[in-house]
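# Descriptive analysis of the structure
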Amino acid sequence: MHLCKGNSQLEQQILQVNPLLEAFGNAQTVMNDNSSRFGKYIQLRFQRNTVRGAKLSEYLLEKSRVVQQDAGERNFHIFYYMLAGLTEKEKEMYGLLDPTQYRYISGWFREEDMAESWKRKYWEVCNALDMVGFQEQEQVDMQAILAGVLSLGNVTFQSQENNGAVRVSEASRGWLKASAGQFGVQEEELLKCLISTVSVTRGEQIQRLHTQQQAEDARDSIAKVAYGRVFGWIVRKINELLAENVDPEVELGEIGILDIFGFENFVVNRFEQLCINLANEQLQHFFNYHIFQLEQAAYQEEGLPWEAIIFNNNKPILDLFLAKPLGLLSLLDEQSSFPQATDKTFVDKLNSTFKGNSHFQSRRGCVLEFSIIHYAGTVQYASSGFLEKNRDTLPANIRGLFINSVTPLLSVLFTATVSRTGTLMPHVKAKVLPGTDDNFNSTRKQSVGAQFRHSLSVLMERMYSANPYFVRCIKPNSQKDPGIVDSQVMLQQLRYNGLLETIQIRRNGFSWRPSFEEFAERYRILLIKPDTPLTRESCLEILQNTELKGWKCGKSRLFFKYWHKELLAKSMERLEKAAIIIQKIYKGFCFRKSYQELVAELRAREQQLQEEAERERNRLLELEPRAQRIVASPVPVPRRRRPQPLPRLQCVADSLSQPPVPRPRSKLSESTPFDNFLRSRPCPVLRTEGQRTEEEEMRKIKRGATLRWFRETQARKIMQNDGAFPGWLHGMISRREAENLLMDKPLGCFLVRISQSRPGYTLSYRGESRCRHYMIEMQPNSRYVILGEDRAHTSLTELVHHHQTVGIQPFMEMLTAPCEQKGDGDVEYEELKFPTLAPCPAEGEKKPQEEQAGLNGPPVVSHSPHAGAAAVLKHTRFRIPKKFQEQQPSPGEEGAEQSQEGVELSPGEVGVARRAIPRLYPSIRLAMWEIQQFSSHPSNGSYAELQLKPQH
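Residues numbered from 1 in each chain as written. Predicted model: local features only at pLDDT ≥ 70, side-chain atom pairs only at ≥ 80, totals over all residues. Heavy atoms only, no water.

Looking now at the overall build of the protein chain. When its secondary structure is counted, the protein chain shows 29 helices and 23 strands. For the protein chain, long-range pairs separated by at least 24 residues make up 64% of all intrachain contacts whose partners lie at least 6 apart in sequence. Roughly 53,400 Å² of accessible area belongs to the protein chain as shown, and the carbon and sulfur atoms make up 52% of that amount. (Helix = DSSP H or I, 4+ residues; strand = E, 2+ residues; numbered from the N terminus. Contact = heavy atoms within 4.5 Å. Areas by Shrake-Rupley, 256 points an atom, 1.4 Å probe, with all protein chains shown as cover.)

Structure below.
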């Protein structure tokens, strides 16, 4: 994308995908501080060397990390970024308290420098969401769901003495209320899903109460599935926003990048490590197939003498995992389908099935562990939780509860279906009644192992159909310290990655294998013969002239070592230098000959002129004595004739045939390839008065539509607190007029003008040597971005203020003083001038006079009575309506969008969509108050006493 330099916003959006996915899919492990806990495959689509779109595929997100992390590890980055980057008011809005109180991420907010780093990362994530195109309400709903996951983790349970059932502990009732409000569901319904299971048998509902362990498993399952679906929705949304917008019949080139986890062998290895190592086994097999098998098969087919290199073939290990019906994953699915099966029965089944297999080892004395000898070494797996993670079950009826949530995003997440590969698929929303079985946990649901197996097969199909390049990452040491190289650690990785065998086959093999036609076409110049045929004999003749050694000739192609290309390049370089010398001498000879001819011609011309001058001088000398003797009488001067008028058409033709006089133009207005501006309008054609072409009418329509767009959607956003526009906004003026205004201004002076042909703006800047023009692009999510920049802004004013301290790429030019408008003497309000008249109002639209009479109507364009004079956009006093000043949520509308208490609306926000907030914000605030009250008075054991206290 850097080499393409398409200067499109799509490139910046694709670049922002990486930090966005890292925040939601990466975490700190004992091996890596920024370890990918999912597999990512990104496909970049190209057309004529220009990026036209991108598509993402994700594999096996480690959802169990949401609820459990080993020693020295952390949860996903986004939780820490949120708690460090949100302001106190935003934390109150989402219902977030001190980070140390959350069980899922406790103990990681003690270092202040780390918190500052997380705060910067949170800003990068928010900017990435804006750049890619996520709507503000979607971002708020997403963060509310993440806050609900954290609050749900603090819900604890205790057993009841009378019937053995469980209930939520008094200390965590506030957390339950908070998570329900953040999810946008009712507290009672969420509690039912946690402590009981409802099934329908023959039309009758049967409720079964959970034990404490089952309730905790249900709580963690909800947290894992909610986070996993948020991540899947982000990937699906990115694919929608970055999809290519071209004709489906157009063929696009593609570059695919697979960024996937490496081989893992921790102290405790679980189901996730099993799947990760299976993926690495499959990739290692593909690597072996591409490097060893294909290459050695090519030598044998061409009849080359070759001694086969022995490499570690891991095909038996793949059969151990993927064989049917007795593969490890098949046995795991079989055990997962039995309700009475346990992790112990699963291990017993493995021991009996793979007894005698050289790649499987049973653990004596430990009934819940087994070992597998991978290509990279022996890994011991703890089977505890294998069946539950493979089933990936949710509490009954939780899907129906979340589908009916008042949080739109949560409803969309659980309305969508999951494909065979585990990706989230869009689905038509259908309400599910609470308390009914929606077959979400039916036996036909794909297990996690089956989904991963299908996604892995799809990935391998793509890999085998492509031309791959491999990048192997080697860790220099196990301590994650810079500047330290551990030779043993390096050697171990080189061995189990198969790189030692790769080096051997690259050293002994032939890395470059061109066909006869390809080689002769490229190097036939070495024969210095015209019309050399592209045959095998020509190739052999070329190689004999170059005196290369060590190459081989096959049946259809030549085989070279990697250094042969360099030797051939040196031979070509000698010929190129000789050709340059020949060209230099020949061109010098031609130019010298041409110069001598010009000099001879010039001298002949000078001699001819001298001879003509001499003859004229002699003639005048001969006529001088004769003229003195002749005395002539005076002759009257004849009257000058009046010129006859030419026909009208001939006058017009003569006037048009004359070249136009160019207007003097300063270097400040000259454009460069780096200027970011729309194509300037074509030069006007001379026409008689009243003559209008179709192009002029279309331009007028576009200008009118743009002005109407500004009045209806932008005017109130840009207005200042006093109801006036900023001085740097100069309306709909042309590029030439902007340059004339900035011509005599100091360096860094700027103005913003409305585009005449599209709904948008252009920033004109007074640079050191010329004026520059940067196009400001309006994104679908109402964000403002300078084309080519990597930062999105919520308003045009914020964009201007930002670039008064941060330079604009690529020249890093900072804005200094705005180019103020020239007012007409009005003291209270400044006038904004437009070089166009307002468009005629459409049917049913208010006239300008009616708009000016309205209290909060948009600014009005008044028509000047003088022909050709610029119309002026008057500023009207802006007042905030009372319904926005004191708007309280009405009873019965708890789920509707509500305004924040104590938040003052600026004039730029009135008339526009108000800031998005969680749907059940009052319920979240009440829950936060209860949690704080209980924390400050731990002796209060009665939850009913808290409810009697007045609300904050």
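Strand order across the open sheet formed by three strands is S10-S11-S12, with antiparallel pairing between neighbours. Looking at which strands have only one partner, the edges of the open sheet turn out to be strand S10 (360-362) and strand S12 (377-382). Taking each pair of neighbouring strands and ignoring which way they run, the sheet shows an average axis angle of 25°. Pairing of S10 with strand S11 (residues 369-374) involves three bridges; the strand directions are antiparallel. Pairing of Ser-362 across the sheet is with Phe-370, part of S11. Taken strand by strand, helix H9 (residues 271-301) contacts S11 and S12, and its axis lies near 150° from that of S12. (Pairing = 2+ DSSP bridges. Axes fitted to C-alpha atoms, helices over the stretch in contact; angles between N-to-C directions.)

Another point: helix H12 (residues 343-353). Along an α-helix, residues three or four apart share an orientation, since each turn contains 3.6 residues. The set of residues buried in H12 consists of Asp-343, Phe-346, Val-347 and Leu-350. Angularly, the buried residues of H12 cover 95° about the axis, an arc narrow enough to put them on a single face. Packed against the buried residues of H12 are helix H11 (328-336), S10, S11 and helix H13 (386-391). (Buried < 20%, exposed > 50% of the residue type's maximum accessible area, 1.4 Å probe, protein only. Arc of directions from axis to C-beta.)

So, about the packing of aromatic side chains. Here a ring pair, both rings aromatic, is described through the centre-centre distance and the interplanar angle of the planes. Taken as a whole and assessed by the stated rule, the structure comprises 32 aromatic pairs. Ring geometry for Phe-354 and Phe-360: centres 5.5 Å apart, planes at 45°, overall tilted. Residue Phe-354 is classed as buried on the basis of its relative accessible area, which comes to 7%. A relative accessible area of 8% means that Phe-360 is categorised as buried. Both rings, one in Phe-360 and one in Phe-370, keep their centres 5.9 Å apart while their planes meet at 20°; by these two values the pair is stacked. Taken as a pair, Phe-360 in strand S10 and Phe-370 in strand S11 lie far apart in primary sequence, 10 residues in all. (Phe/Tyr/Trp six-rings, centres within 6.5 Å; stacked < 30°, edge-to-face > 60°.)

All right, on to the sheet that holds strand S3 (residues 39-47) then. Sheet strands pair by backbone hydrogen bonding; their relative direction is either parallel or antiparallel. Overall, antiparallel pairing links the three strands, which are arranged S4-S3-S9 in an open sheet. The open sheet terminates on both sides in strands that have one partner only, identified here as strand S4 (50-59) and strand S9 (253-259). Ignoring which end each strand starts from, the neighbouring axes of this sheet average 15° apart. One ladder, built from seven bridges, connects S3 with S9; its direction is antiparallel. Within S9, the position partnered with Leu-44 by the bridge is Ile-255. On the sheet, helix H16 (residues 448-464) packs against S3, S4 and S9 and is oriented at approximately 145° with respect to S4.

Next up on the list: the side chain of Ser-36. Here Ser-36 shows up in strand S2 (residues 35-36). Other than its neighbours up to four places away in sequence, Ser-36 contacts Gly-25, Asn-26, Asp-259 and Phe-261.

By definition, a disulfide links the sulfur atoms of two cysteine residues through a covalent bond. Per the counting criterion, the structure on display carries zero disulfides. No disulfide involves Cys-749; its nearest neighbouring cysteine sulfur is the one of Cys-819, lying 4.5 Å away. (Disulfide = S-S within 2.5 Å.)

Attention now goes to the pairing of strand S18 (residues 761-766). Remark: a regular strand shows side chains that alternate across the two faces of the sheet. Within S18, six of the six residues are buried, leaving the element largely enclosed by the surrounding structure. Along S18, one buried face is formed by Tyr-761, Leu-763 and Tyr-765 and the opposite face, lined by Thr-762, Ser-764 and Arg-766, is buried too. For strand S17 (residues 750-754) and S18, the ladder comprises five bridges, and the chain directions are antiparallel. Within S18, the residue paired with Arg-753 across the bridge is Thr-762. Taken together, S17 and the strand that follows it, S18, pair antiparallel across an intervening segment of six residues. Here six bridges tie S18 to strand S19 (residues 771-778), and the two strands are oriented antiparallel to one another. The partner of Thr-762 across the bridge, within S19, is Met-775.

Before going further, it helps to examine the pattern of salt bridges. Under the definition given, this model contains 32 salt bridges. Across the salt bridge formed by Arg-783 and Asp-130, the nearest N and O atoms sit 3.3 Å from each other. Placement of Arg-783 in the loop between S19 and strand S20 (784-786) and of Asp-130 in helix H4 (residues 112-132) is noted, with a sequence separation of 653 residues between them. Assigned by exposure class, Arg-783 and Asp-130 land together as buried. A network of salt bridges, in which partner residues are shared, links Arg-37, Glu-62, Arg-65, Glu-73 and Glu-264. (Salt bridge = Lys/Arg side-chain N within 4 Å of Asp/Glu carboxyl O.)

This brings us to unusual backbone geometry. The omega torsion across Lys-324 and Pro-325 is 5°, close enough to zero to call that bond cis. On the secondary structure map, Pro-325 appears in the loop between helix H10 (315-322) and H11. Note the cis peptide between Gln-809 and Pro-810, where omega equals 5°. Along the chain, Pro-810 falls in the loop between helix H25 (796-802) and strand S21 (832-834). One non-glycine residue, Lys-480, lies in positive phi territory at about 60°.

Core analysis: the largest hydrophobic core is formed by 96 residues, its most contacted members being Phe-24, Ile-234 and Ile-238. With residues near it in sequence (within four places) discarded, Ile-234 still touches Leu-20, Leu-21, Phe-24, Phe-134 and Met-142. Membership of the second largest hydrophobic core comes to 35 residues, among which are Ala-279, Ile-317, Leu-328 and Val-379. (Core = buried A, V, L, I, M, F, W, Y, C linked by side-chain atoms within 4.5 Å.)

Attention now goes to helix H24 (residues 735-742). All of the buried residues along H24 are Arg-735, Ala-738, Glu-739 and Leu-742. Relative to the axis of H24, the buried residues are bounded by an arc of 100° and lie together on one face.

Among the structural elements, Ser-757 can be located in the loop between S17 and S18. Taking the C-alpha atoms as reference, Ser-757 lies 5.6 Å from Lys-702; in sequence the two are 55 residues apart.

To continue, consider the pairing of S4. In terms of residue burial, S4 counts as a mostly covered element, since seven of its 10 residues are buried. Here nine bridges tie S3 to S4, and the two strands are oriented antiparallel to one another. When the sheet's bridge partners are listed, Gly-39 is paired in S4 with Tyr-59. The hairpin formed by S3 and S4 contains two residues between the paired strands, and Arg-48 there has a positive phi angle of roughly 55°.

Time to look at the environment of Ala-308. Locating Ala-308 in the fold gives a position in the loop between H9 and H10. By relative accessible area, which is 53% here, Ala-308 ends up exposed. For the pair Ala-308 and Phe-292, spaced 16 residues apart in sequence, the C-alpha separation works out to 9.1 Å.

Another point: the packing of H11 against H16. At a minimum axis separation of 9 Å, H11 and H16 run at an interaxial angle of 150°. Counted together, Leu-329, Ser-330 and Asp-333 of H11 and Gly-449, Ala-450 and Arg-453 of H16 form the full contact between these two elements.

Turning to the confidence of the model for the protein chain, a few remarks are in order. Mean pLDDT over the protein chain works out to 79, with 79% of the residues at or above the 70 mark. Below pLDDT 50 for its whole length, residues 824-914 participates in 155 contacts with residues either more than four positions away or in separate chains. (pLDDT = per-residue confidence, 0-100.)

What follows concerns a nonpolar patch on the surface. A surface patch of nonpolar side chains, amounting to about 320 Å² of accessible area, comprises Tyr-562, Trp-563 and Leu-567. With respect to the helices and strands, the residue Tyr-562 is situated in the loop between strand S16 (558-559) and helix H21 (564-629). (Patch = residues over 30% accessible without salt bridge, like charges linked within 9 Å, V, L, I, M, F, W, Y side chains within 5 Å.)

Axis angle and axis distance: for two packed helices, these are the angle between their axes and the distance between the axes, and together they describe the pair. Between helix H8 (residues 212-241) and helix H15 (residues 408-415), whose axes approach to 10 Å, the crossing angle comes to 90°. Judged by the inter-axis angle, H8 sits roughly perpendicular to H15. Facing H8, whose interface residues are Val-225, Ala-226, Arg-229, Val-230, Trp-233 and Arg-236, H15 presents Leu-409, Val-412, Leu-413 and Phe-414. Broken down by class, the residue content of the contact of H8 with H15 amounts to eight nonpolar, no polar and two charged. (Parallel < 35°, antiparallel > 145°, perpendicular 65-115°, else oblique. Nonpolar A, V, L, I, M, F, W, Y, C, P; charged D, E, K, R; others polar.)

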